[in-house]
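Breakdown of the fold
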Amino acid sequence: MKIVDGHCDALTKLYQNGKLEFNQDVLELDVSIPKLQQAGVKVQCFAIYLPESIPNPSFEHVLQMVDIFHRKIISHPQMKFIRTVSDWLDMEQKQEIGAILTLEGMDALAGNLTNLRILDYLGVRCAGLTWNYANWAADGVMEQRKGGFTKKGKLMLKEIETMGIIVDVSHLSVAGFWELVEVYQKPFIASHSNAYQLCPHPRNLSDDQIKAIIQCKGIMGITFVPYFLENLKVQVEISAILKHIDHICALGGESHIGFGSDFDGIEQWVKDLRHVGHYGNIIEALCKNYTESQVEAFLYGNWRNFMLRNLPQ
Ligand SMILES: [Zn+2]
């Protein structure tokens, strides 16, 4: 079965450690070519996430990560850079694994919309507005004051609507989320968030937020971060992922569920889900509870439908 994974931080690890190679099966990388092949992952999103260890993140750092994406990931003949609908359809005809470049948090754009346009030209196709804290555009979920968008952030939302970049609300504050729903006209995603109702972590989404994603015909990427799945559990199991899927289905979201693992961004893992090569264990669990066509949709079809509607032609 084919799989789309909507979020990983492998690019950050490749950026931080020049010795890592994406085509080698090493313990340090949860996502690598051998592991993607092991599971049958057909499309992987790669986030440009500037680690907190960079004291003054700038646009220069973002461009350095675009460079690493090309040199370390796309350069391998097994990989194909997906920027358009035709890239996607082309990739499906071949044995290639698609790679989508995404941005996690707009902090380093420093409020300069030219920088955002440059990322559009460079093929960035999804953009998270914030990480956990406030930036020039909006507040993140962990920001104490719990604000929404700044004036500049609202201008940015108008501008990004005209670009080939899909808005990602994972990490965005609750106030920001609802301001976005009010003004933003296009479908948006939460690339790696779960249901707050089942696991009350600020990074998760309330039922009303999930319904808003369903209503805009967006996608919610179920994530494998153990403490976004089940609170107060030492060892979280795959069954917890299924509970979140059941919950979103009950809200009417069956066609809006995808996965966004957050592999390489986590230091704790769900049991039997140590890396991207282990997707087979989720498939096995899903197949016991859902029909084959439902499982296919969660793993691939829902993300595919969304991308074919929202990527540039
Ligand atoms: Zn994240």
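Our structure's up above, just so we're on the same page.
Note that the structure is a prediction, hence the values are computed from the model and not measured. (Residues numbered from 1 in each chain as written. Predicted model: local features only at pLDDT ≥ 70, side-chain atom pairs only at ≥ 80, totals over all residues. Heavy atoms only, no water.)

1. A few points about the packing of aromatic side chains
Any pair of aromatic rings gets described here by the distance separating the centres and the angle formed by the planes. Inclusion rule: Each pair of aromatic rings taken from Phe, Tyr and Trp, with Trp reduced to its six-membered ring, is defined by centres within 6.5 Å and is described as stacked if the planes are under 30 degrees apart, edge-to-face if over 60, and tilted in the remaining cases. Secondary structure counts use DSSP, requiring at least four H or I residues in a row for a helix and at least two E residues in a row for a strand, with both numbered from the N terminus. Any residue under 20% of the maximum accessible area for its type is buried, any over 50% is exposed, and the rest in between are partly exposed; the area is computed with a 1.4 Å probe on protein chains only. Ring-over charges, as used throughout, are those where CZ of Arg or NZ of Lys falls within 6 Å of the ring centre and within 35 degrees of the ring normal.
A complete count under the given rule lists 15 aromatic pairs for this structure. Taking 5.5 Å as the distance between ring centres and 45 degrees as the angle between the ring planes, the aromatic pair formed by Tyr49 and Trp131 counts as tilted. Placement of the pair is Tyr49 in the loop between strand E2 (41–48) and helix H3 (59–74) and Trp131 in the loop between strand E5 (124–128) and helix H6 (151–160), with a sequence separation of 82 residues. Judged by relative accessible area, which is 12%, Tyr49 ranks as buried. Between Trp88 and Tyr300, the aromatic rings sit 6.1 Å apart at their centres with planes inclined by 45 degrees, giving tilted as the arrangement. In this pair, Trp88 sits in helix H4 (residues 85–92) while Tyr300 sits in helix H12 (residues 292–310), placing the two residues 212 residues apart along the sequence. Among the aromatic side chains, those forming a connected cluster through ring pairs are Phe22, Phe46, Phe69 and Phe81. A cation sits over an aromatic face here: Arg274 above Trp269, 3.7 Å from the ring centre.

2. Overview of the nonpolar core
Where a protein is soluble and globular, its nonpolar side chains tend to be buried together. Selection rule: Take the buried Ala, Val, Leu, Ile, Met, Phe, Trp, Tyr and Cys residues and link them wherever side-chain atoms come within 4.5 Å; each set so joined is a nonpolar core.
Ranked by size, the top nonpolar core spans 94 residues in total, and within it Met156, Ile160 and Phe259 carry the most contacts. No other element matches the eight residues that H3 contributes to this core. Ile82, Ile100, Ile166 and Phe306 belong to the second-largest nonpolar core, a separate cluster that totals 17 residues.

3. Considerations on helix H8 (residues 207–215)
Counted only if it meets this: The contact rule is simple, with two residues in contact once any of their heavy atoms fall within 4.5 Å.
Residues of H8 that are buried include every one of Asp207, Gln209, Ile210, Ala212, Ile213 and Ile214, and no others. The inward-facing, buried residues of H8 contact helix H7 (174–183), strand E7 (189–190), strand E8 (219–222) and helix H10 (238–250). Lys217 sits one or two positions beyond H8 and adopts a positive phi of about 65 degrees.

4. Description of the packing of helix H11 (residues 279–289) against H12
Each pair of packed helices gets described by two things: the angle between the helix axes and the distance between those axes. Under the convention used in this document: Lines fitted to C-alpha atoms define the axes here, with helix axes fitted over just the stretch in contact, and angles between the N-to-C directions of these axes take values from 0 to 180 degrees. Just so you know how the angles are binned, under 35 degrees is roughly parallel, over 145 roughly antiparallel, 65 to 115 roughly perpendicular, and the rest oblique. By convention, the crossing between two helices is left-handed when the near helix turns anticlockwise from the far helix through less than a right angle, and right-handed when the turn is clockwise. Residue polarity is assigned by list, with Asp, Glu, Lys and Arg as charged and Ala, Val, Leu, Ile, Met, Phe, Trp, Tyr, Cys and Pro as nonpolar; anything else, Gly included, falls into the polar class.
At a minimum axis separation of 9 Å, H11 and H12 run at an interaxial angle of 150 degrees. Considering their axes alone, H11 and H12 lie roughly antiparallel with respect to each other. Judged by the sense of rotation from one axis to the other, the crossing of H11 with H12 is right-handed. Contacts from Tyr279, Ile283, Leu286 and Cys287 in H11 reach Val295, Phe298 and Leu299 in H12. Taken together, the residues of the contact of H11 with H12 break down into seven nonpolar, no polar and no charged.

5. Notes on the side chain of Lys80
Checked against the element boundaries, Lys80 lands in strand E3 (residues 79–81). In contact with Lys80, not counting residues within four places along its chain, are Ile74, Asp87, Asp90, Met91, Glu96, Ile97, Gly98 and Ala99.

6. Brief notes about the coordination of the zinc ion
Rules: Coordination partners: N, O, S within 2.8 Å of the metal, 3.2 Å for Na, K and Ca; water not considered, so apparent gaps in a site are possible.
Summarising the metal site, the zinc ion is bound by the protein donors Glu104 (OE), His171 (NE2) and His192 (NE2), whose distances to it range over 1.9 to 2.2 Å. Positions of the donor residues of the zinc ion along the chain correspond to the pattern E-x66-H-x20-H. Here His171 lies in the loop between strand E6 (166–168) and H7 and Glu104 lies in strand E4 (residues 97–104), a separation of 67 residues in the sequence. Of the two residues, Glu104 and His171, neither departs from the other in class, the shared state being buried.

7. Let's talk about the pattern of salt bridges
Opposite charge on two side chains permits them to pair, given that their charged atoms come into close proximity. Inclusion rule: We define a salt bridge as a side-chain nitrogen of Lys or Arg found within 4 Å of a carboxyl oxygen belonging to Asp or Glu.
Applying the stated criterion to the full structure yields 16 salt bridges. Ionic contacts of the salt-bridge type, sharing partners, join the residues Lys80, Asp90 and Lys94 into one network.

8. So, the pairing of E2
Filter applied, for reference: The rule for pairing is simple: two strands pair if DSSP sees at least two bridges between them.
Most of E2 is tucked away, with eight of its eight residues classed as buried. As defined by bridge partners, strand E1 (residues 3–5) adjoins E2 across three bridges and the pair is classed as parallel. Pairing of Ile3 across the sheet is with Val41, part of E2. Two strands pair when backbone bridges link them, and E2 and E4 are joined in this way by six bridges, in the parallel orientation. Paired with Ala47 across the strands is Thr102, a residue of E4.

9. Let's talk about H10
Formally: A helix's residues, less one, multiplied by 1.5 Å, set its expected span.
The end-to-end C-alpha separation of H10 is 19 Å, in line with the 18 Å expected for 13 residues at 1.5 Å each. All of the buried residues along H10 are Ile238, Ala240, Ile241, Leu242, His244, Ile245, His247, Ile248 and Cys249. Turning to H10, the residues buried within the fold contact H8, E8, helix H9 (226–229), strand E9 (257–259), H11 and H12.

10. A closer look at unusual backbone geometry
Excluding glycine, residues mostly carry a negative phi; peptide bonds, for their part, are mostly trans. Positive phi values are uncommon outside glycine, yet Ala110 reaches one of about 55 degrees. Looking at where Ala110 falls in the secondary structure, it is placed in the loop between E4 and helix H5 (113–121). Although it is not a glycine, Lys217 adopts a positive phi angle of roughly 65 degrees. Relative to the helices and strands, Lys217 resides in the loop between H8 and E8.

11. Overview of the environment of Lys186
Using the following cut-off: Any pair of nitrogen or oxygen atoms within 3.5 Å is treated as a polar contact; in protein, a donor-acceptor pairing is required on top of that, and neighbouring residues in sequence qualify only through side-chain atoms on both sides.
For Lys186, the position within the fold is in the loop between H7 and E7. Owing to a relative accessible area of 31%, Lys186 belongs among the partly exposed residues under this scheme. Taking the C-alpha atoms as reference points, Lys186 and His7, 179 residues apart in sequence, are found 20 Å from one another. Residues contacting Lys186, with those up to four places away along its chain left out, are Ile160, Glu161 and Met163. Polar side-chain contacts of Lys186 include one of 2.8 Å to the backbone oxygen of Glu161. Within the structure, Lys186 has its side chain in polar contact with the backbone oxygen of Met163 (distance 3.2 Å).

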